[in-house]
Amino acid sequence: MLEQTMVLHCRSVMAGIKTANLFSYKFTDSKELTDEIRRLNGVCVPKGLRIVILSTSENRALIYAYRISKLREDFKDRLANSMLTRRSYSVDCPETCIKQLAEKIRPGCDFPHEIGLFLGYPPEDVYGFITNHADCAKCVGPGRFTAMRIGQKRNSGSMKAVLYSLLSEFYPNLTSLI
């Protein structure tokens, strides 16, 4: 079942088009989930794809699938590197950055808006989203939120709704993303 869900949500990552994707997965047994991820990583890691659990909440897991080579390249961008460094990430080691991100995705912590950098979003868009509090976010295409530009005001409710539905299971007291 995890394999099917991963194919559904991570096709573009598996094809090498996107850096990463994040999806919520319902499970019944945490040991079975861990074993399944270990098995999938046995097949995927030699092909440059890795799967990790960022967070769990009762019977749901927030799963991150990524291409390490693409993530490493994305983090070399000057703006991405600067934003992550200012937020105390160890940018020289993407695997460590992922562990640090997982620490920030916990109840009681502020939402890590820099997560967009881990998903391959353009650093300028992530910076614009953070600094402008999503006031100028523009939704482009299904499930992809880019093209944040100063002066392009619009209601970013669509983006907030998608992020809220994905993350509300992990942040039960989440009332707003901004």
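Conventions used here
Residues numbered from 1 in each chain as written. Predicted model: local features only at pLDDT ≥ 70, side-chain atom pairs only at ≥ 80, totals over all residues. Heavy atoms only, no water. Salt bridge = Lys/Arg side-chain N within 4 Å of Asp/Glu carboxyl O. Helix = DSSP H or I, 4+ residues; strand = E, 2+ residues; numbered from the N terminus. Buried < 20%, exposed > 50% of the residue type's maximum accessible area, 1.4 Å probe, protein only. Core = buried A, V, L, I, M, F, W, Y, C linked by side-chain atoms within 4.5 Å. Contact = heavy atoms within 4.5 Å. Axes fitted to C-alpha atoms, helices over the stretch in contact; angles between N-to-C directions. Parallel < 35°, antiparallel > 145°, perpendicular 65-115°, else oblique. Nonpolar A, V, L, I, M, F, W, Y, C, P; charged D, E, K, R; others polar.

Two side chains of opposite charge can pair, provided their charged atoms sit close to one another. A complete count under the given rule lists ten salt bridges for this structure. Between Glu95 and Arg72 there is a salt bridge, with the nearest N and O atoms lying 3.7 Å from each other. One end of the pair, Glu95, is in helix H5 (residues 94-104); the other, Arg72, is in helix H3 (residues 68-75), and 23 residues separate them in sequence. With a relative accessible area of 24%, Glu95 lands in the partly exposed category. The residue Arg106 makes a salt bridge to Glu103 at a minimum N-O spacing of 3.7 Å. Overall, Glu103 belongs to the partly exposed group, its relative accessible area being 48%. Overlapping salt bridges, with partners in common, bring together Glu3, Glu36 and Arg39 in one network.

Formed by 27 residues in total, the largest nonpolar core has its most connected members in Leu54, Tyr64 and Phe118. Listing elements by their share of this core, those giving two or more residues are strand E1 (20-26), strand E3 (60-67), H3, helix H4 (78-86), H5, helix H6 (115-118) and helix H7 (123-131). Per-element accounting of this core gives the leading share, four residues, to H5. Ignoring any residue separated from it by four or fewer positions in sequence, one finds Leu54 in contact with Leu22, Leu62, Tyr64, Ile98, Leu101, Ala102 and Ile105. Within the second largest apolar cluster, 16 residues are counted, among which are Leu2, Ile37, Leu49 and Ile51.

Viewed as axis vectors pointing N to C, helix H1 (residues 2-14) and helix H2 (residues 30-44) meet at an angle of 55 degrees, and their least axial separation amounts to 10 Å. Comparing the axis directions of H1 and H2 gives the class oblique. Where H1 abuts H2, its residues Leu2, Glu3 and Met6 lie against Leu33, Glu36, Ile37, Arg39, Leu40 and Cys44. Residue composition of the contact of H1 with H2, grouped by class: six nonpolar, no polar and three charged.

A word on the side chain of Thr5. Mapping Thr5 onto the fold places it in helix H1. Classification of Thr5 as buried rests on a relative accessible area of 15%. If sequence neighbours within four positions are ignored, Thr5 has contacts with Phe23 and Tyr25.

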